[in-house]
Structure formats: C-alpha cells, structure tokens
Amino acid sequence: MTNVSVNAAWPDGPAMIESPDKGPSTRLILLIAGVGILLRLALLLANRSLWLDEAMLAIAIAGKPFTEILGPLEYSQIGPLGWLTLEWSLVELLGPTEFAVRLVPFLLGVAAIPVFHRVARRLLSRTGVVIAMLLFCISEPLVYYSAEMKPYSADVLCALLALWCALRYLQDGYRISDLVGLGVVGAIGLLLSFTSVFVMGGFFAVVFLVAVKGHRKSILPIILTGGTYIALFGLYFLLFLKPNTNASLAGNMASSGRMAPMPPVSVNDVEWYIDTLFDYFVDPMGFKAIGGVLVARRSRWLVLLLVAPALMGLLASMLQKYPFTTFGAHEHPLRGRYIIFSMPMLMLLAAGGLAWLWGKLRAEFRRLSYLLLVVLLWHPLYRIAYDIKLHPDVGDIRSVMQELKAQVQPGDVVYHSWFAEAPYRFYRDRFGLKDVPTFGGTRPIVRKFIEDDAWTRIDDWVNTESLFEPYLNKGRQRIWLVFVHHPSSFGYADEKNLLNHLRDRGKQLGRFSANNATLTLFELSP
C-alpha cells in the first residue's frame, strides 16, 4: 500500500494531515477491516428485538404496495426514497423479520469500510491510516447503526463517497471527470441519505472557494455541476420531501433541545453552543482538536473541507430545519445519530492527532504508546460487546410476547404503553396474538424526578381511567400490561403510577420482565 502523492495544488500547501511514513503492512489493515466487518455482523446476528423507531418504520413499509412507501407513511415516518425502496424490496423478498429490515443498513455499513480506507490513504501517513481504521471499524455508534433499521449507515457511506470524490478533484489536478463524479455521487446520495445535502453543500462551497482562490478556470464547471445538483435537490424536495415532512415533529425536536437555539437569547442557549462545540471537537481527550490544529498547519482549506458538512448541518439546525445533537446529548440509542454523517471526518482529524502523539511516545516512552492503544480500544469494544450480548436499553419485547402467548387465556385483554405500541403491533402476528383485544396508553409525560422519587408531573389518572373504564365494571377481568422502557421515555415512572392505581381496583396475579420490558397480569374487580 502506498500513499497518494500530494502536490501543492491547493492554495495554501499540501492537502494532507500528515507526511508519509513507513508503517504497518497491508495485512494489518485487512485484519482491522475484517474485525470491523465481524463486529457489525455479530450485532446483526444478535437479532435483538426491534425498538420503537425501528418497529414504526417496519410497520409503515411491511406488506404495503410499493406506491404506498412514496408516502406519507404511517406513524409520520419518513426515509430517503432509495433507501426505503431497498428496505421494501428485502422485506418483500425475505419477509418482515429483524434480519431482513436490518440487512440494508448492514450492507451499507460494511461498504463504508473500504471507502473510508481509500479516503484515509489520501490524507494520513501509514501509521495514521491504521489508527483511523481502528477508530472507524470499532466505533460503537458506527457498528450499532450498521445493524439498525435506520438510514444512518447510508449517511456515513454517502458522505465518505462524496469526500473521496472531492479529494480526487482537489488533489489530482481539478479534472472534470472527478467533478462529474462528485455530482453523480451527490445525485445518488439524495436517494439514500437526507444528510447528503449538507455534505454536498459543504463540499461544493469549499471546492468553489478553492477555485476562486487559486484555479479560476474551474469556476464555471463547478457552478454548472453545483447548479445541476441544486436543481435535482429542488425537484426531489418538491416531489418527495415536502409532501412527507412532518412539521409537528420538527416543532417537537425544537422544543426538546435538539435544534440549535436561534437567536441565543438566554444563558442556556449560549451553553448549548458551548457544550455542543466542546462535545463535538474536544471530547473525548481532545484528539480531534489536536488533529485539527495539525491539519490547519498544513492546509486551512482541508480543515474547512472536513468540517463543512457539519457546519451546514448546524446552519440547518439554526434555521430549525434539522436536529443537531452530539453523542453526549442523549441516551443510547438516540445519541449523535443525526450528525453521524460527519463522524468519519472527525475520525480523520483524531487519527492525525493520535498518530502525532503515538510518534512522540514511541520515540521516548514506548510502553506509554501501548497504554494509549489500550485506552483507545477499551471503551468502544466494551460498548460493542454490551450491545451484542445484552443491549437492555431498548427493551426485549420479543421475550415478553413469547411469555404472553404462553399465558394468555380467552377473554383476556392487553394494555400496552405508548412506547410498546409499535413493537407490539410488529410482533403480534408472529406470536398469534392478533385476535387478542388491545388498547394503548398515551405518551409518557413524566419528565423529572425529585430526590424522594416522587414525580413533578404525572399522567392524569382521570384520563387514563377512561381507557380502562370498559373493563372496570365488567366483573372480574384479566388485563395484561405490556411496557417497554427506554431511558429517554421515563416509562418506569408511568408504569409505577399505573400499577399503584390498578392495585386499588384489583389484584396483581403475576409479573415477567426481560431487559427493560415488562409483562404484568392484573385481575380487576367490579
């Protein structure tokens, strides 16, 4: 494996994070890539239960004619048209199983590995490439979202393909074929990734500025290619995105702090920007910031190219059009997913910083260099093992449904929490529970706790009681309560509240739990 030779085609010098060096062999790179593929495959084969977001999307497309996936979808779900088409096709071919709905994200996540390697070779020394591949292949978010029915692995792949095309154009002499390739990747990206518009917008802006600075002959081709992309995006927006966009969902995201506050009029608003900036560039351990400084010393334009997609996403968030949440902002599995498309660029920066630190330590403190490697690998590998073996955060409703199938009797009724509604619908046919009467709860409104575990806000029992009213005066009625919990839903508080009320009106006969999912049997008295 050889590094790409980079000349001074960019206005301010060589467009590399590091200088070439002698480093590990190709076999080590292949080994790391193989580990990355195996980790993604292991999580896919772990076959965890679908959680709320996955179940809603699976229900929205499973068993539907193709024309219906053009939208609007059930549960106000939305996904890139090409990605939905791939998902629908595999579900039609393999059936509505966990493996089928997650196969597309898995294949796209695996495909991103060699593309990232090609990009890293253009920017890093061989030691830096190895570090970058380690960061990418064992990244817990990238591994996790390669086995979840969401288009985030497509976001990563499309961003990397666009970055590779942009680097080819800027580093290899401003060839028209490379510019056209960037446009083609962008057009395909529209069908696979919503965030590709931020990536392409950022890259086209940087490419244009570089041309203005030092290669004016390229300005017209860039304008024509960029203009064509904008026209295609406008057509796609009018025909598909606009009819399927849920305005209320955007409002909910803004009120929950997922949008950038604009204008920042309070201390909390300013803290949002400070925390986000710190979490994005500094945490953990500042390697991304170190890498950014190293890049800036060689090429300010390369720094801008790598952060431009994230800046475009932040701009959209400031306009209240797209959520911008970092990986420290929300509980798993929500954290950072909206900006995962920019993770590979940050990993390239971090790899540059780590390679520099590795070189310093190996020269004088060899043992410390290996300690750095252990620190680098430990946490992501621990998190991946946690996801594969347990992953209790999102609730094992499949085990609950299996227990319900074994215990349910004629005349029983099932109540499911709001968070369990879509997963229950997805699995009920598989377990032969379609004919069991069901009714459901409203979205939990418990949001805060105080020290004595009381609630500052709880569901109004009068409204909740109305759901149970047909069964409260019906004689002795057996009701199964199905709850699925997640740290961000505060479902345990709502379940505790409901159980306390039902104990005044009946008797608890049994309870089953499985990794944040619970099944409770009550017999209500008249």
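A few points on the structure. On a predicted model such as this, the values are computed, not experimentally measured, just so you know.

**A word on the nonpolar core**
The tendency in soluble globular proteins is for nonpolar side chains to be buried as a group. Grouped together as the largest cluster of nonpolar side chains are 138 residues, with contacts concentrated most on Met133, Phe136, Leu163 and Leu348. Residue contributions to this core peak at 14 residues, all from helix α7 (residues 152–171). In terms of nonpolar packing, the next biggest core, distinct from the first, is built from 14 residues, Phe439, Tyr471, Phe483 and Phe522 among them.

**Things to note about the environment of serine 193**
Along the chain, serine 193 turns up in the loop between α8 (176–192) and α9 (196–214). The spacing of serine 193 and alanine 154 is 39 residues in sequence and 5.9 Å in space, taken between C-alpha atoms. The contact partners of serine 193, leaving out residues within four places of it in the chain, are Pro80, Ala154, Asp155 and Cys158. Side-chain polar atoms of serine 193 contact the side chain of aspartate 155, separated by 2.6 Å. Within polar-contact distance, the side chain of serine 193 engages the side chain of threonine 195 at 3.0 Å.

**Comments concerning a nonpolar patch on the surface**
Nonpolar side chains collect at one region of the surface, where Leu45, Leu93, Leu94 and Phe99 lie side by side and expose about 420 Å² of accessible area between them. Its location among the elements puts leucine 45 in helix α1 (residues 26–46).

**A word on the packing of aromatic side chains**
Tallied over the entire structure, the rule returns 18 aromatic pairs. For the ring pair phenylalanine 204 and tyrosine 229, a centre distance of 6.1 Å and an interplane angle of 45 degrees mean the geometry is tilted. On the criterion of sequence distance, the pair formed by phenylalanine 204 in helix α9 and tyrosine 229 in helix α10 (residues 219–244) is long-range, its members being 25 residues apart. An identical accessibility class is assigned to phenylalanine 204 and tyrosine 229; each is buried. Relative to tyrosine 273, the ring of tryptophan 272 has its centre 5.0 Å away and its plane inclined at 80 degrees; by these criteria the two rings are edge-to-face. Exposure remark for tryptophan 272: the relative accessible area of 14% places this residue in the buried category. Its relative accessible area of 21% is what places tyrosine 273 among the partly exposed residues. Chaining the aromatic ring pairs together yields one cluster made of Phe198, Tyr322, Tyr338 and Phe341. Between the NZ or CZ atom of arginine 168 and the centre of the ring of tryptophan 164, over which it lies, the distance is 5.1 Å.

**Considering the pairing of strand β1 (residues 413–416)**
Here β1 shows two buried faces, one formed by Val413 and Tyr415 and the other by Val414 and His416. Sheet analysis places β1 next to strand β3 (residues 477–484), joined by 4 bridges and oriented parallel. Paired with valine 413 across the two strands is isoleucine 479, which belongs to β3. The pairing of β1 with strand β2 (residues 438–440) spans 3 bridges and is parallel. Bridging across to β2, valine 414 finds its partner in threonine 438. For the handedness criterion, the β-α-β arrangement of β1, helix α18 (residues 418–428) and β2 is classed as right-handed.

**Topic: the pairing of strand β5 (residues 517–524)**
In terms of burial, β5 is a largely internal element, 8 of the 8 residues being buried. What you see with β5 is no split at all: Ala517, Leu519, Leu521 and Glu523 on one side and Thr518, Thr520, Phe522 and Leu524 on the other are buried throughout. When strand β4 (residues 506–513) meets β5, the two strands line up antiparallel, connected through 7 bridges. What sits directly across from glycine 506, in β5, is leucine 524. Where β4 folds back on β5, the antiparallel hairpin that results is connected by 3 residues, among which asparagine 515 adopts a positive phi of roughly 50 degrees.

The rules behind each value
- Residues numbered from 1 in each chain as written.
- Predicted model: local features only at pLDDT ≥ 70, side-chain atom pairs only at ≥ 80, totals over all residues.
- Heavy atoms only, no water.
- Core = buried A, V, L, I, M, F, W, Y, C linked by side-chain atoms within 4.5 Å.
- Buried < 20%, exposed > 50% of the residue type's maximum accessible area, 1.4 Å probe, protein only.
- Helix = DSSP H or I, 4+ residues; strand = E, 2+ residues; numbered from the N terminus.
- Contact = heavy atoms within 4.5 Å.
- Polar contact = N/O pair within 3.5 Å; in protein donor to acceptor, adjacent residues only side chain to side chain.
- Patch = residues over 30% accessible without salt bridge, like charges linked within 9 Å, V, L, I, M, F, W, Y side chains within 5 Å.
- Areas by Shrake-Rupley, 256 points an atom, 1.4 Å probe, with all protein chains shown as cover.
- Salt bridge = Lys/Arg side-chain N within 4 Å of Asp/Glu carboxyl O.
- Phe/Tyr/Trp six-rings, centres within 6.5 Å; stacked < 30°, edge-to-face > 60°.
- Lys NZ or Arg CZ within 6 Å of the ring centre and 35° of its normal.
- Pairing = 2+ DSSP bridges.
- Right-handed = clockwise from strand over helix to strand, strands pointing away.

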